[in-house]
Amino acid sequence: MTTSEAGLSTEGGFTLVELMVVLVIVGLLFGSAVVFVPGVREDRLTRELERFQLLAGIARDRAMLEASPYGVGIWRGGYAFYRLSGSWEWQGVADDARLRPREWPQGYWLDLYLDGLKAALPGEEKPENPQIHFLADGISRPFALHLFKDARAGKRLIYDNAGKAEIALDAD
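Procedures and definitions
Residues numbered from 1 in each chain as written. Predicted model: local features only at pLDDT ≥ 70, side-chain atom pairs only at ≥ 80, totals over all residues. Heavy atoms only, no water. Helix = DSSP H or I, 4+ residues; strand = E, 2+ residues; numbered from the N terminus. Contact = heavy atoms within 4.5 Å. Buried < 20%, exposed > 50% of the residue type's maximum accessible area, 1.4 Å probe, protein only. Lys, Arg positive; Asp, Glu negative; His and termini not counted. Salt bridge = Lys/Arg side-chain N within 4 Å of Asp/Glu carboxyl O. Phe/Tyr/Trp six-rings, centres within 6.5 Å; stacked < 30°, edge-to-face > 60°. Patch = residues over 30% accessible without salt bridge, like charges linked within 9 Å, V, L, I, M, F, W, Y side chains within 5 Å. Areas by Shrake-Rupley, 256 points an atom, 1.4 Å probe, with all protein chains shown as cover. Pairing = 2+ DSSP bridges.

## A few points about the environment of leucine 157
Mapped onto the secondary structure, leucine 157 falls in strand 9 (residues 155–159). Sequence separation between leucine 157 and histidine 146 is eleven residues, and the spatial gap between their C-alpha atoms is 6.5 Å. Ignoring anything within four residues of it in the chain, the contact list for leucine 157 reads Leu49, Phe52, Gln53, Phe143, Ala144, Leu145, Ala165, Glu166 and Ile167.

Right under this line is the structure:
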């Protein structure tokens, strides 16, 4: 190793700033690859169904913890969570931000099957009562939620009465 008169090393190397610039450039390149390469980006249908599955699980858990039925109302534009009040009326969940009303992404279509039968869904209006119920004992109404982006096959979330759920390619 060679040293200068001031006692500093004159051997070649990279400064911290140079290393940071390289890391930023590599990050930008990787980020653009994720955005522009088909198949690299997470499937939006799967993400939406996973989010719905997670939130439905939270509502089911709260129904068991609070010994009070919860429900999900689904319409063409989105979905909302409900709790059965002491006066036996369904009310929107207001005390948990995770269970706030949500919208489906633009350009998506959906079908809801309850107990194996296709349910009629409201258009753009939130329903007054939920179609899916989670009881205090953990039992729920079996349902399948089919989500489509276009005319190609979509994906579905199948939820049984014991709370077991799976996401699969739509066979229809």
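Text resumes after the structure shown.
## Quick look at the side chain of arginine 102
With respect to the helices and strands, arginine 102 occurs in strand 4 (residues 102–103). Look at arginine 102: it is buried, it has no salt bridge, and the nearest opposite charge is glutamate 48 at 7.6 Å. Not counting chain neighbours up to four residues away, the residues in contact with arginine 102 comprise Arg51, Leu55, Trp75, Gly77, Gly78, Tyr79 and Ala97.

## Thoughts on the packing of aromatic side chains
For the structure on display, the rule yields seven aromatic pairs. Seen from their ring centres, tyrosine 79 and phenylalanine 81 are 5.9 Å apart, and the 85° between their planes marks the pair as edge-to-face. We note that tyrosine 79, like phenylalanine 81, is buried. Look at phenylalanine 143 and tyrosine 159: their rings are 5.0 Å apart centre to centre, the planes differ by 15°, and that puts the pair in the stacked class. Pair noted here: phenylalanine 143 is in strand 8 (residues 143–148) and tyrosine 159 is in strand 9, with a separation of 16 residues, a long-range link. Take phenylalanine 143 and tyrosine 159: they sit in the same class, and that class is buried. Three or more aromatic residues joined by ring pairs form one cluster here, namely Phe52, Tyr79, Phe81, Trp104, Phe134, Phe143 and Tyr159.

## Thoughts on a nonpolar patch on the surface
Where nonpolar side chains cluster on the molecular surface, the patch consists of Val17, Val21, Ile25 and Leu29 and spans about 380 Å² of accessible area. Looking at the element boundaries, isoleucine 25 is found in helix 1 (residues 16–36). Residue classification places isoleucine 25 among the partly exposed positions, given a relative accessible area of 45%.

## Looking at the pairing of strand 8
Where burial is concerned, most of strand 8 is hidden: six out of the six residues are buried. Here strand 8 shows no split at all, with Phe143, Leu145 and Leu147 on one side and Ala144, His146 and Phe148 on the other all buried. Summarising the sheet, strand 5 (residues 109–114) and strand 8 pair through six bridges and their orientation is antiparallel. Paired with leucine 112 across the bridge in strand 8 is leucine 145. Sheet analysis places strand 8 next to strand 9, joined by five bridges and oriented antiparallel. Looking at the pairing, phenylalanine 143 lines up with tyrosine 159 of strand 9.

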